[in-house]
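# Observations on the three-dimensional arrangement
Spelled out, the chains give:
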Amino acid sequence: MTDSEISLRTEGLSAWFGDHHVVKSISLSVSRNDVYALIGPSGCGKSTFIRCLNRLHEEIDGARVQGDVWISGDSGSENIYAPGSDPVAIRRQVGMVFQKPNPFPGLSIFDNVVAGLRLAGVKRRSVLEEVVETSLKHAALWTEVKDKLKKPGTSLSGGQQQRLCIARALAVRPKILLMDEPTSALDPISTARIEELVMRLRSEVTVLIVTHNMQQAARISNQTAFFLMGELVESGPTSRIFTKPKDTRTEQYITGRFG
Amino acid sequence: MKELSLRDGRRKVLNWSAITVLCVLSFLAITPLFFIFSYLAVRGAGGLSLAFFTELPKPVGEIGGGMANAIGGSLILLSIASSFGIPIGLACGVALSELKVGVTVRALRLSVDLLTSVPSIVIGLFAYAVVVVPMRGYSAWAGGFALSIVMIPIVARSTEEILRLVPSHVYEAGLALGLPRWKVLLRLIIPGVRAGVTTGILLASARVSGETAPLLFTAFSNSFGFRGLNQPIASLPVQIFTYATSHDDTWRQLAWTGALVLVFVVFLLNLVTRFLIRRRE
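Per chain, residues are indexed from 1 in the order of the written sequence. Each chain gets a letter, beginning with A, and each ligand a number, beginning with 1, in the order they are written. For this predicted model, a pLDDT threshold of at least 70 governs which residues receive local features, and a threshold of 80 or more governs which side-chain atom pairs are given and counted, while totals over whole chains, interfaces and linings are taken from all residues. Excluding hydrogens and water, the side-chain figures rest on all heavy atoms present in the structure.

Within chain B, the secondary structure is distributed over 12 helices and 0 strands. Counting helices and strands in the order they occur from the N terminus, chain B gives α-α-α-α-α-α-α-α-α-α-α-α. Our radius of gyration is a C-alpha quantity, and the globule rule it is checked against amounts to 2.2 Å times the number of residues to the power 0.38. Radius of gyration (C-alpha) of chain B: 24 Å, far over the 19 Å computed for a compact globule of 281 residues. Referenced to the eigenvectors of the C-alpha coordinate spread, the extents of chain B come out at roughly 80 × 70 × 30 Å. Considering only contacts within chain B whose residues lie at least 6 apart along the sequence, 73% involve residues at least 24 apart. A 1.4 Å probe and the Shrake-Rupley method give the accessible areas. Residues count as covered only by the protein chains that appear here. Accessible surface for chain B amounts to roughly 15600 Å². Of this, 71% is attributable to carbon and sulfur atoms. Put simply, DSSP marks the helices as runs of H or I at least four residues long and the strands as runs of E at least two long, and each gets a number from the N terminus on. By definition, residues are in contact when any of their heavy atoms lie within 4.5 Å.

Now the structure itself:
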């Protein structure tokens with residue numbers, strides 16, 4: 001794999017809550033246009049790990065990060081934990097979708113989608129309208145909401161709200177999209193729609209998705225990493241992880257013997 | 001079986017008597033409100049006229065006159081109080097909910113709580129010392145200042161509580177878009193809780209509209225109408241106090257009508273607040 005194909009690479013990434021060491025020296029490479037699934041039992045550090053990739057972990061009181069995360073941009077590779085690196089600028093390149101749908105309360109569907117651009121100073125109505133349409137189309141929500149863009153985002157169903165949040169994240173054109181159990185609060189039909197959507201998003205962005213659902217990881221990802229107690233046990237092509245795991249702990253987990 | 005049905009009967013009687021006791025006591029609790037409203041309506045409604053809202057009070061002994069000065073004065077005092085109390089209260093509430101918890105925030109919260117429980121007459125004394133004495137006289141400024149101190153803790157605590165209801169992941173969603181903290185707060189979070197914040201402001205206004213003690217030796221009163229913000233100014237509560245304790249029948253009638261109007265305004269503010277809360281839910 002040449003360096004230019006790598007979208008994101010962590011080197012010895014560790015994270016703490018106070019004295020609690022929750023992510024232990026993880027080194028991982030994610031290629032451009034991967035859908036990379038992170039699986040593991042509750043509390044294994046996978047959510048904390050992806051929250052380090054857009055420097056959101058440090059926003060929590062007492063939280064601390066050590067190690068390097070390289071993301072490749074237009075001007076080569078950049079370490080987001082380099083001294084002087086600006087978290088605000090990094091988050092424009094690394095978007096995030098959360099476990100619970102969280103549209104901004106009181107904002108319309110339109111305003112939710114353009115929130116990132118508008119507050120960054122994009123004012124032209126025609127530009128914003130175009131972004132709303134393309135983002136909502138990418139998030140497979142356009143046909144359902146195109147006639148009610150002025151309605152509050154919170155008036156949509158849970159599944160629609162989650163797709164709205166995906167559209168909102170895509171609107172700032174990130175290179176990488178982090179998804180933290182994006183379907184765990186949704187019904188099976190909404191889950192299926194989001195899974196389809198993620199598979200189509202591959203051509204646009206690199207996706208890292210945390211999931212509790214192993215079938216989901218098997219269905220939508222091409223690479224999988226298995227986390228256990230803050231450590232990376234094993235990573236590789238999804239098909240291999242699920243059929244010929246090298247580590248017995250991975251095998252035990254995916255065959256449902258714990259977790 | 002017989003024993004069981006007997007027990008069942010006992011349970012029903014107990015249940016029934018408990019409900020009765022609750023109803024009677026609840027009724028007792030709201031009786032004063034009913035009497036206040038009906039008594040004010042009976043005694044005050046007779047004095048309601050256009051003149052009451054548009055005319056100045058007449059000297060003792062003369063028939064007629066209104067409380068235009070007190071109504072206008074109350075509005076001016078409320079405006080002064082709001083223009084200091086609301087921004088400071090809002091800033092305080094935002095600080096309480098957003099700043100990292102440390103000694104400063106804990107001290108701020110304790111101070112705000114203490115301020116809520118300071119008797120309003122003491123707030124009046126404080127305003128007397130820091131505004132009336134240096135300005136060498138009673139004034140609308142002093143009254144508005146005293147009322148704003150009553151407002152600040154109410155606005156601050158309600159704003160803090162509303163902001164705390166916003167889940168932290170909504171905040172994080174804003175940060176994850178690559179926006180600085182202050183922009184997320186001011187442009188995405190606060191607009192979403194407008195209704196809740198407005199509710200707190202309205203409640204504070206309702207509370208302040210009825211305050212008398214902080215005005216007694218700050219705004220004082222006058223019966224000539226508006227003479228400028230550096231001069232004593234009338235207000236409904238103080239005027240009601242003065243007229244109700246007088247021996248003039250016309251004045252006493254004005255006091256009743258004034259009380260009716262004041263209660264009605266406060267009642268209306270509370271209704272609007274409830275409406276906003278309902279709509280938010």
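Rolled over the atoms, a probe sized like a water molecule indicates the empty space that remains. All names here are of chain B. Here the largest pocket is characterised by a volume of approximately 510 Å³. In this analysis, the protein atoms alone were mapped onto a 1 Å grid. Cavities are point sets where a 1.4 Å probe fits without being able to get out; pockets are open sets with protein on both sides within 12 Å along at least five of seven lines; lining residues have an atom within 4 Å of a point. In terms of lining, the largest pocket is formed by 19 residues, of which the most central are Ser97, Glu98, Ser168, Tyr171 and Arg181. Elements that contribute at least two residues to the lining of the largest pocket include exactly helix 3 (68-98), helix 6 (140-164), helix 7 (168-176) and helix 8 (181-192). The leading source of residues in the lining of the largest pocket is helix 7, at 4 residues. When its residues are assigned to classes, the lining of the largest pocket shows 10 nonpolar, 2 polar and 7 charged. Grid points are joined across faces, edges and corners, and a volume is the space filled by probe spheres set on the points. Under this grouping Gly is polar, as are all residues other than the nonpolar Ala, Val, Leu, Ile, Met, Phe, Trp, Tyr, Cys and Pro and the charged Asp, Glu, Lys and Arg.

Residue and element names in this part refer to chain A. Judged by how many residues are buried, strand 3 (residues 35-39) sits mostly within the fold: 5 of 5 residues are covered. Remark: exposure states derive from per-residue accessible area (1.4 Å probe, protein chains only) relative to the maximum for the residue type, with buried under 20%, exposed over 50%, and partly exposed in between. Neither face of strand 3 is left uncovered, since the one carrying Val35, Ala37 and Ile39 and the one carrying Tyr36 and Leu38 both have all their residues buried. Strand pairing requires that DSSP identify at least two bridges connecting the strands. Judged from the 4 bridges that link them, strand 3 and strand 8 (residues 206-210) form a sheet pairing that is parallel. Counterpart to Leu38 in the pairing with strand 8 is Val210.

Glancing now at the side chain of Thr48(A). Relative to the helices and strands, Thr48(A) is located in helix 1 (residues 46-53). Sequence-distant contacts of Thr48(A), defined by excluding residues within four places in its chain, comprise Ala15(A), Phe17(A), Val22(A), Val23(A) and His57(A).

Residues and elements named next belong to chain B. Side chains of Leu33, Ile36, Phe37, Phe264, Val265, Phe267, Leu268 and Leu271 sit close together on the surface and give an oily, nonpolar patch of about 710 Å² of accessible area. The set of elements that each furnish at least two residues to the nonpolar patch consists of helix 1 (2-45) and helix 12 (249-280). Tallying contributions element by element places helix 12 first for the nonpolar patch, with 5 residues. By relative accessible area, Leu268 is classed as partly exposed at 42%. The residues that make up patches have over 30% relative accessible area and no salt bridge, and they are joined within 9 Å when like-charged or within 5 Å when they are Val, Leu, Ile, Met, Phe, Trp or Tyr. Take a side-chain nitrogen of Lys or Arg and a carboxyl oxygen of Asp or Glu: if they are within 4 Å of each other, that pair is a salt bridge.

Next up on the list: the interface of chain A and chain B. Across the boundary between the two partners, chain A contributes 27 residues, which contact 18 residues of chain B. Of the roughly 2000 Å² buried between chain A and chain B on both sides combined, carbon and sulfur atoms contribute 64%. Our count for the chain A to chain B interface comes out at 2 salt bridges. Note that Glu172(B) and Arg51(A) form a salt bridge whose closest N and O atoms lie 2.6 Å from each other. Polar contact is defined as a pair of N or O atoms within 3.5 Å, subject to the rule that within protein one atom must be able to donate a hydrogen and the other to accept it, and that residues adjacent in sequence are counted only when both atoms are side-chain atoms. Across the contact surface, chain A and chain B share 5 residue pairs in polar contact (both at pLDDT 80 or more). Of all the elements in the fold, those that place two or more residues in the side of chain A that touches chain B are helix 2 (87-93), strand 6 (94-97), helix 3 (109-119) and helix 6 (158-170) of chain A. When grouped by side-chain class, the residues that make up the side of chain A that touches chain B number 15 nonpolar, 5 polar and 7 charged. As a working definition, buried area equals the accessible area (1.4 Å probe) given up by two parts on being put together, with both sides summed.

Membership of the largest hydrophobic core comes to 114 residues, with the highest contact counts inside it found for Leu38(A), Phe49(A), Ile50(A), Leu53(A), Leu136(A), Ile166(A) and Leu208(A). Among the elements that make up this core, the one with the highest residue count is helix 6 of chain B (9 residues). Dropping the residues within four chain positions of it, Leu53(A) is found in contact with Leu8(A), Thr10(A), Leu13(A), Val69(A), Ile80(A), Val94(A), Leu178(A) and Leu208(A). Judged by nonpolar contacts, the second largest core, of 16 residues, contains Met67(B), Trp251(B), Ala259(B) and Leu260(B). Side-chain atoms within 4.5 Å link the members of a nonpolar core, which is a set of buried Ala, Val, Leu, Ile, Met, Phe, Trp, Tyr and Cys residues.

This part covers the sheet that holds strand 5 (residues 76-79) of chain A. Residues and elements named next belong to chain A. Ordered by their spatial adjacency, 4 strands build an open sheet running 2-1-4-5, and the pairing between neighbours is antiparallel. At either end of the open sheet lies a strand with only one pairing partner, and these are strand 2 (20-31) and strand 5. Across this sheet, the average inter-strand angle for adjacent strands is 5 degrees, counted without regard to direction. Across the sheet, helix 1 lies against strand 1 (6-17), strand 2 and strand 4 (63-73), angled at about 120 degrees from strand 1, the strand it touches most. Lines fitted to C-alpha atoms define the axes here, with helix axes fitted over just the stretch in contact, and angles between the N-to-C directions of these axes take values from 0 to 180 degrees.

Once that is clear, we can look at the packing of helix 5 (residues 120-135) of chain B against helix 6 of chain B. All names here are of chain B. One way to put it is that helix 5 packs onto helix 6 with a least axis distance of 9 Å and a crossing angle of 150 degrees. Considering only the axes of helix 5 and helix 6, their crossing is right-handed. Note on element contacts: helix 6 touches helix 5 through Trp141, Ala142, Phe145, Ala146, Ile149 and Val150, opposite Ile123, Phe126, Ala127, Val130, Val131, Val132 and Met135. Broken down by class, the residue content of the contact of helix 5 with helix 6 amounts to 13 nonpolar, no polar and no charged. If you view the pair so one helix is near and one far, a crossing is left-handed when the near helix is turned anticlockwise from the far one by less than a right angle, and right-handed when it is turned clockwise.

Let us now look at the confidence of the model for chain B. Any segment with low pLDDT has predicted coordinates that should not be analysed in fine detail. Mean pLDDT over chain B works out to 90, with 97% of the residues at or above the 70 mark. Per residue, pLDDT captures the predictor's confidence, and it can take any value from 0 to 100. Helix 6 of chain B holds the highest mean pLDDT among the elements of chain B, 95, whereas helix 12 of chain B holds the lowest, 88.

Before going further, it helps to spend a moment on the pattern of salt bridges. All names here are of chain A. For the coordinates displayed, the defined rule picks out 21 salt bridges over all chains. Between Glu59 and Arg91 there is a salt bridge whose closest N-O contact spans 3.0 Å. Highlighted residues: Glu59 in the loop between helix 1 and strand 4 and Arg91 in helix 2, separated in sequence by 32 residues. Judged by relative accessible area, which is 21%, Glu59 ranks as partly exposed.

Residues and elements named next belong to chain A. Between the first and last C-alpha of helix 6 there are 18 Å, a value that for 13 residues agrees with the 18 Å anticipated at 1.5 Å per step. Burial within helix 6 is extensive, with 12 of its 13 residues counted as buried. For helix 6, every residue scored as buried is listed here: Gly159, Gln160, Gln161, Gln162, Arg163, Leu164, Cys165, Ile166, Ala167, Arg168, Ala169 and Leu170. Here a helix's expected span is defined as the number of its residues, less one, multiplied by 1.5 Å.

Moving on: the sheet that holds strand 8 of chain A. Residue and element names in this part refer to chain A. Spatial strand order, 6-7-8-3-9-10: 6 strands in an open sheet with mixed pairing. Strands at the two margins of the open sheet, each flanked by one partner only, are strand 6 and strand 10 (231-237). Across the sheet, the mean angle from the axis of one strand to that of its neighbour is 20 degrees, orientation sign disregarded. Across 6 bridges, the pairing between strand 9 (residues 223-228) and strand 10 is antiparallel. For Thr224, the partnering residue across the bridge sits in strand 10 and is Gly236.

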